[in-house]
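So you can see what is in the structure, the chains are spelled out below.
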Amino acid sequence: KLTYIIIIVNMIKNQKGSLFILLSILAGLIVVAAFAFIYIQKNIDESEADVELLESSDLGLPCENIRKIDGVCYEGDEPFTYAVMIDNHSWARPPFGLSQASLVYETIVESPITRFLAIFVDNENIKQIGPVRSARPFYVDWVKEFNIPYLHVGGSNEALDNLARTYNHDVNEFSKGQYFWRSNNRSAPHNTMTSNQNVVDVIEDNGWSRANNFESWIFKLDASLEERGEYGVTVDHKTPLFFVKWEYNKEDNEYIRYQAGKVHADVDGEQIVAKNVVIMMTTGSVIDDYGRREVKTLGTGEAIVYQDGNKINGTWKRADLSARTRFYDEQDNEIKFNAGPTWIEVAQNGLVNITDKYE
């Protein structure tokens, strides 16, 4: 372009053109360039507006930044995640803060009692989480998928030894009691509580990174209303107190959790819902007189994923303790999850009956 302008200038000089003509041509070129810039910038602004509209949609995806743990959009720096061992004994109900978890593993610790490994995202509004209970080796295995702060109250000897030897973000009430408190409204051992702020404090006090250094699942948009099915599922731990039903709400495209015959909710009445419910089949066995168990967490096994009211038969796979547990359909394609909370119901052999439920 510069060469072109020089040629024009030389032509004008050779033809003894006036300075006025030269300036007029240059002014014309400037005007054309200005209009071109305005046109291009207008298209860029419109494109950015479209992206902003898409990112603010109620579907939550796609957007520029999604949280690794649950696929939900965020702005600024990605919020950190942390894990809490939450009690599900009948005397520990209702829970505190469980409805705010992004990912939950549930399985039997001593038959038929289940316990929750709940993964949370930094949220200053979570004022109370609990009751917090003890660790077990298989829950330690699962928390190693994330390498994040793990809050618990003691644990089995095997679990504690495992944490001491291999885990750098252990937050045990027995050694870090300042990040927990005992509630006067519950009886021990079902009265230990913590909070989101306590996790912020433990991270700062120990100089831990807030980075989420774990692998993400693949996330997707919700299915359209026409694509949604009717499937719900029941998880029967063979006792009424631990009978779980996930009832599908087609309009909201979410699963409402029922436990012991009533809606499962936090102490403040906030219902527990999920966008995805996973049945993870595995093996387990009793290892001591107390009834503690060992559970298979590596390798592969059968799995069923319930999402969008549909049922996907497949498998789970996990190669080693640093890898995420991933889920695949019958064609061995990795299953994409809806953005939002996911619950993994770990069904140990012979202890749980799974039944599809139609609404």
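Residues numbered from 1 in each chain as written. Predicted model: local features only at pLDDT ≥ 70, side-chain atom pairs only at ≥ 80, totals over all residues. Heavy atoms only, no water.

Undergrad: Which residues make up the pairing of strand 18 (residues 310-318), and what are the values?
TA: Pairing of strand 17 (residues 299-307) with strand 18, which is carried by 9 bridges, proceeds in the antiparallel orientation. Its bridge partner being in strand 18, Gly 301 is matched across the sheet by Trp 316. By the bridge criterion, 4 bridges tie strand 18 to strand 19 (residues 326-329) in an arrangement that is antiparallel. By the bridge assignment for strand 19, Gly 314 is matched with Asp 329. (Pairing = 2+ DSSP bridges. Helix = DSSP H or I, 4+ residues; strand = E, 2+ residues; numbered from the N terminus.)

Undergrad: Provide a residue-level description of the side chain of Ser 183, including the pertinent values.
TA: Here Ser 183 is to be found in the loop between strand 6 (181-182) and strand 7 (192-193). With a relative accessible area of 9%, Ser 183 lands in the buried category. Of note is the side chain of Ser 183, whose polar atom sits 3.1 Å from the backbone nitrogen of Asn 185. Setting aside its immediate chain neighbours within four residues, Ser 183 contacts Asn 191 and Met 193. (Buried < 20%, exposed > 50% of the residue type's maximum accessible area, 1.4 Å probe, protein only. Polar contact = N/O pair within 3.5 Å; in protein donor to acceptor, adjacent residues only side chain to side chain. Contact = heavy atoms within 4.5 Å.)

Undergrad: Describe the pairing of strand 21 (residues 342-348), with residues and values.
TA: Regular strands place side chains that alternate from one sheet face to the opposite one. Counting buried residues in strand 21 gives 7 out of 7 residues, a clear majority hidden from the surface. The side-chain alternation of strand 21 yields two buried faces, one formed by Thr 342, Ile 344, Val 346 and Gln 348 and the other by Trp 343, Glu 345 and Ala 347. Both strand 14 (residues 276-282) and strand 21 contribute to a ladder of 7 bridges, which runs parallel. Looking across to strand 21, one finds that Met 280 is bridged to Val 346.

Undergrad: Any chance you could break down the pattern of salt bridges for me, citing the residues and the numbers?
TA: Tallied over the entire structure, the rule returns 18 salt bridges. When the shortest N-O distance is used, the salt bridge between Asp 161 and Arg 165 registers 2.9 Å. Of this pair, Asp 161 and Arg 165 both sit in helix 4 (residues 157-166), 4 residues apart, which is roughly one turn of the helix. A relative accessible area of 40% means that Asp 161 is categorised as partly exposed. For Arg 165, a relative accessible area of 58% puts it in the exposed group. Residues Lys 275 and Asp 222 are paired through a salt bridge, measuring 2.7 Å at the closest nitrogen-oxygen approach. (Salt bridge = Lys/Arg side-chain N within 4 Å of Asp/Glu carboxyl O.)

Undergrad: Tell me about the state of the cysteines, and name the residues and values.
TA: On inspection of all chains with the given rule, the structure shows 1 disulfide. In this model Cys 63 forms its disulfide with Cys 73; the gap between the sulfur atoms is 2.0 Å. Between Cys 63 and Cys 73 the disulfide shows an S-S torsion of about -110°. By sign, it is left-handed. In this pair, Cys 63 is assigned in the loop between helix 2 (19-55) and strand 1 (81-86) and Cys 73 in the loop between helix 2 and strand 1, connecting sequence segments 10 residues apart. (Disulfide = S-S within 2.5 Å.)

Undergrad: Let's hear about the sheet that holds strand 17: which residues, and what values?
TA: Strand order in the open sheet made by the 10 strands is 5-4-1-3-2-21-14-17-18-19, with mixed pairing throughout. In this open sheet, the two edge strands, each paired with only one partner strand, are strand 5 (170-172) and strand 19. Strand after strand, the sheet turns through a mean of 25° between neighbouring axes, direction not considered. (Axes fitted to C-alpha atoms, helices over the stretch in contact; angles between N-to-C directions.)

Undergrad: Outline the environment of Tyr 105, supporting the account with residue identities and numerical values.
TA: Within the element layout of this structure, Tyr 105 appears in strand 2 (residues 103-110). You can call Tyr 105 buried: its relative accessible area is 0%. Between the C-alpha atom of Tyr 105 and that of Val 278, which follows or precedes it by 173 residues, the distance is 9.4 Å. Apart from residues lying up to four places away in sequence, Tyr 105 is in contact with Arg 115, Phe 116, Leu 117, Tyr 139, Trp 142, Glu 145, Phe 146, Thr 325, Ile 344 and Val 346.

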